[in-house]
Structures are given as C-alpha cells and as structure tokens.
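Close look at the chain arrangement
The lines below spell out each chain.
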Amino acid sequence: MTTTRALPATEANLPLAIRVLRRLKPVMLAVLGSPLHGVLSRDILALSYRGRRSGRTFTLPLSYVTIGEHLYLCTRDSLWARNLRDEPAVEIVLRGRRVPATAHVLDSASEEALAGLRAFLGRNPHTGATLYDVRRGPDESDLRREVLRSTVVRLDR
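Computed from a predicted model, the values in this text were never measured in an experiment.

As a further point, take the overall build of the protein chain. If you tally the helices and strands in the protein chain, you get six helices and seven strands. Secondary structure elements of the protein chain, listed N to C terminal, follow the sequence α-α-β-β-β-β-α-β-β-α-α-α-β. Whereas a compact globule of 157 residues would reach a radius of gyration of roughly 15 Å, the protein chain reaches 15 Å, a difference of no more than 12%. Projected onto its principal axes, the C-alpha positions of the protein chain cover 45 × 35 × 30 Å. In the protein chain, 58% of the contacts between residues at least 6 apart in sequence involve partners at least 24 apart. Accessible surface computed for the protein chain: about 9,000 Å², of which carbon and sulfur atoms make up 53%. Computed over 25 positive and 16 negative side-chain charges, the inter-centroid distance for the protein chain is 6 Å.

Here is the structure:
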C-alpha cells in the first residue's frame, strides 16, 4: 500500500512561507495591479476565477512559470484549481496588465504536465522542498512521482 503526503489541514500546520503569503495577499494584489508591479510580476501573477458553486469571483496571487507562449501554474491540492475544471475562462494580471485567459487543467500523466512542473520547480526550488516531495535539481524520479499528485494548469492568453 502506498501513501501520499497530504497537505496540512490547518493553517497552523502550513509552512511559514505560505502563512506569510496568505497574510500579504491584499498587499501583493495591490502591487501586481499598480505601476510598482515589477517588484513581483516576474514570478507572480494575479488569477481571477469564478467559484463553481457560489458564482463569486476570487482573486489570488500565484507563482507561475513561462514555457514558450504558455504560462503554467502548479499546486498540490487547492480549491482554485478545482474551480477551473468547470469554468476555464479566467482573468489574470500579468506584468501590470489585465488579460483574459483560458485555463486548461492538464492530465497529470501527460508529458506537458511533467514539463510544466519541472519548469515550475526549477524556477522555484524552495517550493519543491516545502510543498512537494522533490529534491533540489529537481530530481527526475521525484518529479515523475509528484506530477501524479499535483495539478498543473496551462493558461492560454
């Protein structure tokens, strides 16, 4: 029997970096939409999506990576990614500009999902060590295991 590492259920069990980022969310969103966006926008975008049950619009600052013309977002288990399956039309604030986009939740067994996670964790190695069970590098066998436990989203502008 194999076990998977689940994300902590309570705020107190989350890594310190994630708790700090959650508290800084309003500041980060304000900066991303301002002329000062360059401080953050190289690695972070603002994603606005519609909740599948509530119909409300939610906006989150998220790390991203670019491969060619596509942007990739990765997560282990987040509600925002689940909402994108039913409602792929999103808006992003990317490098200070509001841009409509379409979100594609990738099949975790696909080579594209693996390439997205590889690029994401190569750009954000601390995230690999903190939220994923991936050694720095990132190690290919770790990546192949973790992509099956992850959600990789491609954004098309």
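Following the structure, the description resumes.
Moving on, we get to the sheet that holds strand β5 (residues 89-94). Across the sheet, which stays open at both edges, the seven strands sit in the order β2-β1-β5-β6-β7-β4-β3 with antiparallel pairing between neighbours. Where the open sheet ends on each side, the last strands, each with one partner, are β2 (57-63) and β3 (65-67). Strand-to-strand twist across the sheet, computed as the mean angle between neighbouring axes with direction ignored, equals 35°. Of the strand pairs in this sheet, strand β4 (residues 70-75) and strand β7 (residues 151-156) are connected by five bridges, and their pairing is antiparallel.

So, on to the pairing of β4. Successive residues of a regular strand alternate their side chains across the two faces of the sheet. Among the six residues in β4, five count as buried, and that is most of the element. Taken together, the three bridges between β3 and β4 define a ladder with antiparallel strand orientation. Residue T66 lies in a different strand from β4, and its bridge partner there is L71. Following β3, the chain reverses through two residues before pairing antiparallel with β4; G68 in that reversal takes a positive phi of roughly 60°.

Grouped together as the largest cluster of nonpolar side chains are 19 residues, with contacts concentrated most on L45, L47, L73, W80, I92 and L155. Counting residues in hydrophobic clusters, the runner-up holds 14 residues, among them L106, L117, F120 and V134.

Right, let's talk about helix α3 (residues 79-86) for a bit. For α3, every residue scored as buried is listed here: W80, A81, N83 and L84. Along α3, the residues classed as buried sweep out an arc of 155° about the axis, all on the same side. Along α3, exposed side chains directed more than 90 degrees from the buried face belong to L79, R85 and D86. Buried-residue contacts for α3 involve β1 (44-50), β2, β4, β5, β6 (97-105) and β7.

Okay, a nonpolar patch on the surface next. Taken together, the side chains of L16, V20, L24 and V27 define a hydrophobic patch exposed on the protein surface, amounting to about 350 Å² of accessible area. On the secondary structure map, L16 appears in helix α1 (residues 16-23). A relative accessible area of 58% means that L16 is categorised as exposed.

Basis of the calculations
Residues numbered from 1 in each chain as written. Predicted model: local features only at pLDDT ≥ 70, side-chain atom pairs only at ≥ 80, totals over all residues. Heavy atoms only, no water. Helix = DSSP H or I, 4+ residues; strand = E, 2+ residues; numbered from the N terminus. Rg over C-alpha atoms; globule rule 2.2 N^0.38 Å. Contact = heavy atoms within 4.5 Å. Areas by Shrake-Rupley, 256 points an atom, 1.4 Å probe, with all protein chains shown as cover. Lys, Arg positive; Asp, Glu negative; His and termini not counted. Charge placed at Lys NZ, Arg CZ, Asp CG, Glu CD. Pairing = 2+ DSSP bridges. Axes fitted to C-alpha atoms, helices over the stretch in contact; angles between N-to-C directions. Buried < 20%, exposed > 50% of the residue type's maximum accessible area, 1.4 Å probe, protein only. Core = buried A, V, L, I, M, F, W, Y, C linked by side-chain atoms within 4.5 Å. Arc of directions from axis to C-beta. Patch = residues over 30% accessible without salt bridge, like charges linked within 9 Å, V, L, I, M, F, W, Y side chains within 5 Å. Salt bridge = Lys/Arg side-chain N within 4 Å of Asp/Glu carboxyl O.

Treat this as a map of the structure, not an account of what it does.
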